[in-house]
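# Results of the structural survey
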Amino acid sequence: MSFCPSSHIHATPSTPPPNPKHDPCTQITLPSQLHDPESNQKSVPIDYSARSQWLRAAVLGANDGLVSVASLMIGVGAVNQTAKAMLVSGLAGLVAGACSMAIGEFVSVYAQYDIEVAQMKRESLESRESSNKEKEKESLPNPLMAAGASALAFAVGGLSPLLAGGFIKSWGVRVGVVCSASSLGLAGFGAAGAVLGGANVSKSALRVLVGGWLAMLVTYGVLRLFGLVFKMRVSSA
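Residues numbered from 1 in each chain as written. Predicted model: local features only at pLDDT ≥ 70, side-chain atom pairs only at ≥ 80, totals over all residues. Heavy atoms only, no water.

Another aspect to go through is the confidence of the model for the chain. Per-residue pLDDT for the chain has a mean of 79; in total, 70% of the residues score no lower than 70. Note on residues 6-13: pLDDT under 50 across the span, and 21 contacts to partners over four residues away in sequence or across chains. (pLDDT = per-residue confidence, 0-100. Contact = heavy atoms within 4.5 Å.)

In structure tokens:
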């Protein structure tokens, strides 16, 4: 039985290995580059579900503001063609809607806050471990921030039709500009929400656009019919 005390270790492929027929020693060939397991790690996918809460509030607030103000201006324009009437109605809808969104979001989020705090107290009584208490407190919703964000989103959405058509004298041009600006805003909000949420852009934009058109059409039709039934005077002065 023979034993070879040495081994040939080739660190790089540039060094030619000895002929195995003439060298009975064990040959070990090492790769020139070591394999890094971290290099082949796949990128972590984006968790779109984590964005759902604030994304819903932002898109809903902006979309609600745009549709509400535009529909209100078009509805008032169906029975009163003056620029001042449409401008005042749009401004009133903007302020009232922003306040309503802020109060509604504050009450809703504060109710969620109370529920989560009560749940944390019950869990703390059952388990005395306090390692994750600080993290849980940081994850609690903030009612004031939610109210401010909802009001801001509503105001941003409502400013688009108000500024676009509120100062145009001609009634027909004014209504057309309000509808056009609202359509662009609706499509933009729908597309932005789809991009941030990882959804289909075209379907989301079309869904929001059609919904806004229906709201404006129904509002105009109802107010126009109301004006005709009760013989309301349509002024163009």
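All right, on to the environment of Ser180 then. Within the fold, Ser180 resides in helix α5 (residues 171-197). Looking at Ser180, its side chain comes within polar contact range of the main-chain oxygen of Gly176, at 2.9 Å. (Helix = DSSP H or I, 4+ residues; strand = E, 2+ residues; numbered from the N terminus. Polar contact = N/O pair within 3.5 Å; in protein donor to acceptor, adjacent residues only side chain to side chain.)

Right, let's get into the packing of helix α4 (residues 143-165) against α5. Following both chains from N to C, one finds α4 and α5 inclined at 155 degrees, their axes separated by 8 Å at the closest point. Taken together, the axes of α4 and α5 are roughly antiparallel relative to one another. Both α4 and α5 take part in a crossing whose hand is right-handed. From α4, Gly157, Ser160, Pro161, Ala164 and Gly165 reach across to α5, where they touch Arg174, Val177, Val178, Ala181, Ser182 and Phe189. Grouping the amino acids of the contact of α4 with α5 by side-chain chemistry returns 6 nonpolar, 4 polar and 1 charged. (Axes fitted to C-alpha atoms, helices over the stretch in contact; angles between N-to-C directions. Parallel < 35°, antiparallel > 145°, perpendicular 65-115°, else oblique. Left-handed = near helix turned anticlockwise from the far one by under 90°. Nonpolar A, V, L, I, M, F, W, Y, C, P; charged D, E, K, R; others polar.)

Here the focus is the packing of aromatic side chains. Counting across every chain of the model gives 3 aromatic pairs. Their ring planes at 40 degrees and their centres at 4.6 Å tell us that Phe226 and Phe230 sit as a pair that is tilted. We classify Phe230 as exposed; its relative accessible area is 55%. (Phe/Tyr/Trp six-rings, centres within 6.5 Å; stacked < 30°, edge-to-face > 60°. Buried < 20%, exposed > 50% of the residue type's maximum accessible area, 1.4 Å probe, protein only.)

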